[in-house]
Amino acid sequence: MENTTPNKATIIHPDNTESTVEPRNKMRGYFSLNELEKIVGGMVDIIDLGNNKLLVVNDGGSALDLPINSRATELAVRVQPTRSHITGTALLATRVTVK
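The numbering scheme is per chain: residues are counted from 1 as the chain's sequence reads. Restriction of local features to residues with pLDDT of at least 70 applies here, the model being predicted, together with a cutoff of 80 or more for giving and counting side-chain atom pairs; totals for whole chains, interfaces and linings are based on all residues. Here the side-chain values reflect all heavy atoms present in the structure, with hydrogen atoms and water set aside.

## Quick word on the packing of aromatic side chains
For Phe, Tyr and Trp, rings pair up if their centres lie within 6.5 Å, where Trp contributes its six-membered ring, and each pair is then called stacked (planes under 30 degrees apart), edge-to-face (over 60) or tilted (otherwise). Under the definition given, this model contains zero aromatic pairs. Each ring is checked for a lysine NZ or an arginine CZ that lies within 6 Å of its centre and within 35 degrees of its normal; such an atom marks a charge sitting over the ring. Against the face of Y30 rests R28, its NZ or CZ located 4.9 Å from the ring centre.

Written out as structure tokens, the structure reads:
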């Protein structure tokens, strides 16, 4: 499921379930750093997927022994073939919603 609504994003959970989320401040229209950190469970790493899409992941997910997220890994290795895996919850968003 990929969201096409500009101010909404898709949370990709390690169990391959997905849910839609939008920034708390709808007037501002983008997620705050605090919101992104809460979604991914720690410090963020942003992967540019091209076509105006970004994948926000937990920067220290492997060190925290978070579960592998196969769907997020699939998206990331398309643009970063040397990346072994993504762990934990990820956020698939547009450039509009992540600044």
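Additional details are given in the paragraphs that follow.
## Examining helix α2 (residues 70–79)
Accessible area is worked out with a 1.4 Å probe on protein chains only. A residue is then buried under 20% of its type maximum, exposed over 50%, and partly exposed in between. Only DSSP runs of H or I with at least four residues qualify as helices, and only runs of E with at least two residues qualify as strands; both kinds are numbered from the N terminus onward. Three or more residues of α2 are buried, namely R71, A72, T73, L75 and A76. Residue contacts follow a heavy-atom distance rule, with two residues in contact if any of their heavy atoms lie within 4.5 Å. Elements in contact with the buried residues of α2: β1 (9–12), β2 (18–21), β3 (44–50), β4 (53–58) and β5 (90–94).

## Let's talk about the pairing of β5
Across the five residues of β5, five count as buried, placing the element largely inside the fold. Across the two faces of β5 the burial is the same, with A90, L92 and T94 and L91 and A93 all buried. Note that β1 and β5 share three bridges and pair antiparallel. Following the sheet pairing, I11 is matched in β5 by L91. In this structure, β4 lies alongside β5, joined through four bridges in antiparallel fashion. Following the sheet pairing, L54 is matched in β5 by A93. By the convention used here, strands pair only if DSSP detects at least 2 bridges between them.

## Topic: unusual backbone geometry
With a phi close to 50°, N51 is a non-glycine residue in the positive phi region. Secondary-structure assignment places N51 in the loop between β3 and β4. By relative accessible area, N51 is classed as exposed at 75%. Within the chain, N52 stands out as a residue other than glycine whose phi angle is a positive 70°. Within the secondary structure, N52 sits in the loop between β3 and β4.

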